[in-house]
Amino acid sequence: MTDRPPSLMPAAATTRLAIDLGALAANWRQMAARSGRARCGAAVKADGYGTGMIPVAGRLEREGCRDFFVADANEGAALRRALPEARIHVLNGAFDGAMALLVAHDLIPVLNSMHQVALWRSAGAGRACALHVDTGMNRLGVTPAEAAGLAADPSFRPVLVMSHFACADTPAHPLNAAQIAAFAAARAHFPQAEASLANSAGIHLGADALFDLTRPGIALYGGESVNDTPNPMAVVATLKTRVLVLREARAGDSVSYGATARLGRDSRIAVCGIGYADGFHRSGSGSGVPLRGTGLPGAHGIIAGERVPVLGRVTMDLTMFDVTDLAPGAVEPGSWIELFGPAIALDDAARAAGTIGYELLTAMGRRSAREYRD
Ligand SMILES: *Cc1c(COP(=O)(O)O)cnc(C)c1O
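The rules behind the values
- Residues numbered from 1 in each chain as written.
- Predicted model: local features only at pLDDT ≥ 70, side-chain atom pairs only at ≥ 80, totals over all residues.
- Heavy atoms only, no water.
- Near = heavy atom within 4 Å.
- Polar contact = N/O pair within 3.5 Å; in protein donor to acceptor, adjacent residues only side chain to side chain.
- Areas by Shrake-Rupley, 256 points an atom, 1.4 Å probe, with all protein chains shown as cover.
- 1 Å grid on protein atoms, 1.4 Å probe; cavity = no way out; pocket = protein on both sides within 12 Å on 5 of 7 lines; lining within 4 Å.
- Sits in = over half its atoms within 2 Å of the grid points.
- Nonpolar A, V, L, I, M, F, W, Y, C, P; charged D, E, K, R; others polar.
- UniProt positions renumbered as here; feature names shortened; annotations may be inferred.
- Helix = DSSP H or I, 4+ residues; strand = E, 2+ residues; numbered from the N terminus.
- Domains from an automatic or database assignment.
- Contact = heavy atoms within 4.5 Å.
- Buried area = accessible area lost by both parts, 1.4 Å probe.
- Salt bridge = Lys/Arg side-chain N within 4 Å of Asp/Glu carboxyl O.
- Buried < 20%, exposed > 50% of the residue type's maximum accessible area, 1.4 Å probe, protein only.
- Pairing = 2+ DSSP bridges.
- Axes fitted to C-alpha atoms, helices over the stretch in contact; angles between N-to-C directions.
- Parallel < 35°, antiparallel > 145°, perpendicular 65-115°, else oblique.
- Left-handed = near helix turned anticlockwise from the far one by under 90°.

A. Local environment of the site of the ligand. Taken together, 14 residues lie near the ligand, and Lys 45, Tyr 49, Ser 200, Ile 218 and Tyr 358 sit nearest. A distance of 2.5 Å separates an oxygen atom of the ligand from a polar atom in the side chain of Tyr 49. At a separation of 3.4 Å, a nitrogen atom of the ligand approaches a polar side-chain atom of His 164. Burial of the ligand by the surrounding chains reaches 93%, relative to a free accessible area of 390 Å². According to the grid-proximity analysis, the pocket containing the ligand is the largest pocket. For the shell around the ligand, a count of residues per class yields 7 nonpolar, 4 polar and 3 charged.

What follows is the structure, encoded as structure tokens:
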């Protein structure tokens, strides 16, 4: 099964992103259990973190999820067509160009500034809205003082009051307790509204962070949310690339742009159909990019249980892997090399490119064939 238009022929794609919807559902159940008495929602913004918003949200709804969070009204409208009954919150809120979609698709804007509040009150015709109170991110949300002012006006009645953690991935960070206290005070002004603070990492902070509704994202997709602890989530996304060409090269030859990789031995090179245009970041190159100046090795793949390092620079559509150490016949044209999944943790692949699982996952998918299993 694929969610792509017929113009993308899965068999012709040279990268494959396999999504395990059963693992996604298990991860949601785990986050729901950790949410205690709070309802567990789901962040499905950015096309379900690159895994496909519609199949992901549909599967989560079957699991019992009712509250979804998207970034903008276009995502919300697309989700509404698939899920007529769900509560869909639009995190970026209300602005002129978004009003028509918000209203037509019964989306709940998360109002993020006094400007957005005023706009929705004048043009939202009394429809449901949520209020974001900033408690330490300085990103979205009214200030706690502005929230207190709004609470004094009985005609303003958000259905949900929320805030967002800045440092929940670092449980001992003092900002966590400060944000919980500031949010508890802000939500007390709106006793009729539900309250929501915790993202994936926030759910791990314990009962004080849970309130009425949680909003996990990355954990549902199998990514790490808390630093320096084993990741308890099941693997959801597996990225593989196909070997297009196998070539032999001699000791002393160079590989890829800039000739930054110089072979120390006669080598076999697997040329694979993935590059930075597919979201496989150039910073994961085996050499010749600024990050490699830090001394970290580049990304690697796994084939037949063996680790195969990226050789030289990742290019737009192609990446070279050193398969010299593989048994003869273990790799052939058409073989698939795993880049993250069961054999390589998403977050380890991300670290090799100097980034985080969130960025690697959301970058996937312009050309890859997505395949779903359950
Ligand atoms: C993206 C997002 C989430 C989900 O965060 P994760 O770290 O992926 O769990 C929750 N709340 C808000 C406001 C977000 O922007």
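B. Fine view of the UniProt feature "binding site: substrate" (unreviewed entry) in the protein. Annotation from UniProt places "binding site: substrate" (unreviewed entry) at Arg 139 and Met 316. These annotated residues cover 178 residues of sequence, and their C-alpha atoms reach 32.8 Å apart at the extreme, placing them across more than a single site. Restricting the annotated residues to those that line the largest pocket leaves Arg 139. Relative to the assigned elements, Arg 139 resides in the loop between strand E7 (130–132) and helix H7 (144–151). Secondary-structure assignment places Met 316 in the loop between strand E16 (306–311) and strand E17 (319–322).

C. How the structure looks around the domain arrangement of the protein. According to the domain assignment, the protein consists of domain 1 (35–221) and domain 2 (237–373). Here the C-alpha centre of domain 2 lies 37 Å away from the C-alpha centre of domain 1. Residue-level contacts link 9 residues of domain 1 with 8 residues of domain 2. Approximately 770 Å² of surface area, both sides summed, lies buried where domain 1 meets domain 2, with 63% of it carried by carbon and sulfur atoms. Across the salt bridge formed by Asp 47 and Arg 370, the nearest N and O atoms sit 2.8 Å from each other. Applying the counting rule to domain 1 against domain 2 returns 3 residue pairs in polar contact (both at pLDDT 80 or more).

D. Region of interest: the pairing of strand E4 (residues 67–70). Residues Asp 67 and Phe 69 of E4 are buried on one face, and the alternating residues Phe 68 and Val 70, pointing to the opposite face, are buried as well. Two strands pair when backbone bridges link them, and strand E3 (residues 42–43) and E4 are joined in this way by 2 bridges, in the parallel orientation. Within E4, the residue paired with Ala 42 across the bridge is Phe 68.

E. Quick peek at the packing of helix H3 (residues 53–63) against helix H4 (residues 73–82). Relative orientation of the contacting elements H3 and H4 amounts to 50°, with a least axis distance of 10 Å. It follows from the interaxial angle that H3 and H4 lie oblique. In the crossing of H3 with H4, the sense of the turn from one axis to the other is right-handed. Between H3 and H4, the contacting residues are Met 53, Ile 54 and Ala 57 on the first element and Glu 75, Ala 78, Leu 79 and Ala 82 on the second.

F. The arrangement of unusual backbone geometry in detail. Phi is positive for Asn 138, close to 50°, though the residue is something other than glycine. Backbone geometry at Phe 211 places phi at a positive 50°, although glycine is not the residue there. Inspection of the secondary structure puts Phe 211 in the loop between helix H9 (200–203) and strand E10 (213–214).

G. Layout of the side chain of Ser 335. Structurally, Ser 335 is set in the loop between E17 and strand E18 (336–340). Relative accessible area serves as the criterion here: at 16%, Ser 335 is assigned to the buried category. A distance of 2.8 Å separates the side chain of Ser 335 from the backbone nitrogen of Glu 332, its partner in a polar contact. When neighbours within four sequence positions are excluded, Ser 335 is seen to be in contact with Thr 241, Arg 242, Val 243, Ile 303 and Ala 330.

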